[in-house]
Amino acid sequence: KTTTVSLLEQVINDSIAIGNNGLPFFDYINSIENKILEVSSFMLENSNHIKYKYNVITNLFKTHLEHHLTFSDYVKSKINVLRNLKEDDYVIYNYDDVLLRRIVQSYKIKSVSVSLHDINCDLYLKDKFIYYKNKMLVNTEKIKIKGKHNLYNIMFSLGVCMNHPCRCDNYIDKILNF
């Protein structure tokens with residue numbers, strides 16, 4: 001999550017990272033900047049009124065069970081972010097996570113599917129290139145940050161940028177040089 005938030009802060013004009021791994025949320029609640037809020041499952045657990053225009057869910061992974069006690073409780077907290085979304089709100093999500101895919105597809109919202117394996121997704125990897133809706137965007141050999149997990153982070157960031165009205169003209173260059 002932190003890398004995705006950092007990438008988005010880098011590429012979206014007038015943005016600021018706040019929340020879980022950024023500046024305190026309430027210090028910037030009235031600011032005019034685009035806020036990129038990183039929230040954890042702990043923060044989402046009791047959040048009944050949250051609503052964001054663009055949402056990224058990276059995965060549902062058996063973690064934080066010392067707090068949530070069951071995987072089901074953890075999943076419920078993570079998907080709280082979807083509960084108040086309207087049909088014109090977005091979720092950019094990891095299609096390769098089968099449970100997450102099923103959950104997201106049950107909501108009537110705009111979704112951007114991200115996959116390293118399925119070329120039928122909105123954002124996908126094929127032959128060392130990242131595509132968005134069948135348009136080649138990025139040669140992965142030019143990406144400076146390495147690792148499969150960072151390909152996901154870059155693709156989540158691209159999913160937001162391709163749909164965000166405030167995107168930069170050179171967001172791909174900024175992502176490549178991150």
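This one's a predicted model, so the numbers in the text were calculated from it and none came from an experiment. (Residues numbered from 1 in each chain as written. Predicted model: local features only at pLDDT ≥ 70, side-chain atom pairs only at ≥ 80, totals over all residues. Heavy atoms only, no water.)

### A closer look at helix α1 (residues 2–11)
What counts, and what does not: Summary of the burial criterion: residues with accessible area below 20% of their type's maximum are buried, those above 50% are exposed, and those between are partly exposed, where the area comes from a 1.4 Å probe applied to protein chains only. The helix count covers DSSP runs of H or I at least four residues long, the strand count covers runs of E at least two residues long, and both are numbered beginning at the N terminus. By construction, the arc corresponds to the directions joining the helix axis to the C-beta atoms.
Considered for burial, the residues of α1 that qualify are T4, V5, L7, L8 and V11. Along the long axis of α1, the arc covered by the buried residues comes to 160°, so they all point the same way.

### Topic: the packing of α1 against helix α7 (residues 148–161)
How we decide: Each axis is a line fitted through C-alpha atoms, and for a helix only the stretch in contact is used; angles between axes span 0 to 180 degrees, taken between their N-to-C directions. Here the angle decides the label: under 35 degrees means roughly parallel, over 145 means roughly antiparallel, 65 to 115 means roughly perpendicular, and every other value means oblique. We call a crossing left-handed when the near helix sits turned anticlockwise from the far one by less than a right angle, and right-handed when that turn is clockwise. The contact criterion used throughout is that any non-hydrogen atoms of two residues lie within 4.5 Å. Three classes are used, and their members are as follows: Ala, Val, Leu, Ile, Met, Phe, Trp, Tyr, Cys and Pro are nonpolar, Asp, Glu, Lys and Arg are charged, and the others, Gly among them, are polar.
Close contact between α1 and α7 brings their axes to 9 Å; oriented N to C, the two are set at 45°. When the axis of α1 is compared with that of α7, the two are oblique. The handedness of the crossing between α1 and α7 is right-handed. Contacts between α1 and α7 involve T3, T4, L7, L8 and V11 from the first element and N150, N153, I154, F156, S157, V160 and C161 from the second. Classifying every residue of the contact of α1 with α7 gives 7 nonpolar, 5 polar and no charged.

### Some words on the state of the cysteines
A disulfide bridge is the covalent bond that connects two cysteines by way of their sulfur atoms. As a reminder, the rule being used: By definition, disulfides here are pairs of cysteine sulfur atoms that lie within 2.5 Å.
Going through the model one piece at a time under the given rule, you end up with 0 disulfides. Between C121, a free cysteine, and C161, which holds the nearest cysteine sulfur, the sulfur-to-sulfur gap is 19 Å. Exposure remark for C161: the relative accessible area of 0% places this residue in the buried category.

### Comments concerning the sheet that holds strand β5 (residues 110–115)
The line we're drawing: The pairing criterion is simple: DSSP has to find at least two bridges between the two strands.
The 6 strands are arranged β3-β4-β5-β6-β7-β8 in an open sheet whose pairing can be described as mixed. Among the strands making up the open sheet, the edge pair consists of β3 (54–57) and β8 (135–139). Along the sheet, successive strands turn relative to each other by an average axial angle of 25°, direction set aside. Of the strand pairs in this sheet, strand β7 (residues 129–132) and β8 are connected by 4 bridges, and their pairing is antiparallel. By the bridge assignment, Y131 is partnered in β8 with M136.

### Side note on the pattern of salt bridges
The condition is simple: A side-chain nitrogen of Lys or Arg and a carboxyl oxygen of Asp or Glu constitute a salt bridge if their distance falls within 4 Å.
A full pass over the atoms with the stated rule returns 3 salt bridges. Among the ionic pairs, K53 bridges to D89, the shortest N-O distance being 3.8 Å. Here K53, found in the loop between α2 (41–44) and β3, pairs with D89, found in the loop between α5 (80–83) and β4 (90–94); they are 36 residues apart in sequence, far enough to count as distant. Residue classification places D89 among the buried positions, given a relative accessible area of 1%. Residues E141 and K128 are paired through a salt bridge, measuring 3.2 Å at the closest nitrogen-oxygen approach. With a gap of 13 residues between them, E141 in the loop between β8 and α7 and K128 in the loop between β6 (123–126) and β7 connect regions that are remote in the sequence. On the basis of relative accessibility, which here comes to 52%, the residue E141 falls in the exposed class. Classification of K128 by relative accessible area gives partly exposed; the value is 49%. Each of K53, D88 and D89 takes part in a single network of salt bridges with overlapping partners.

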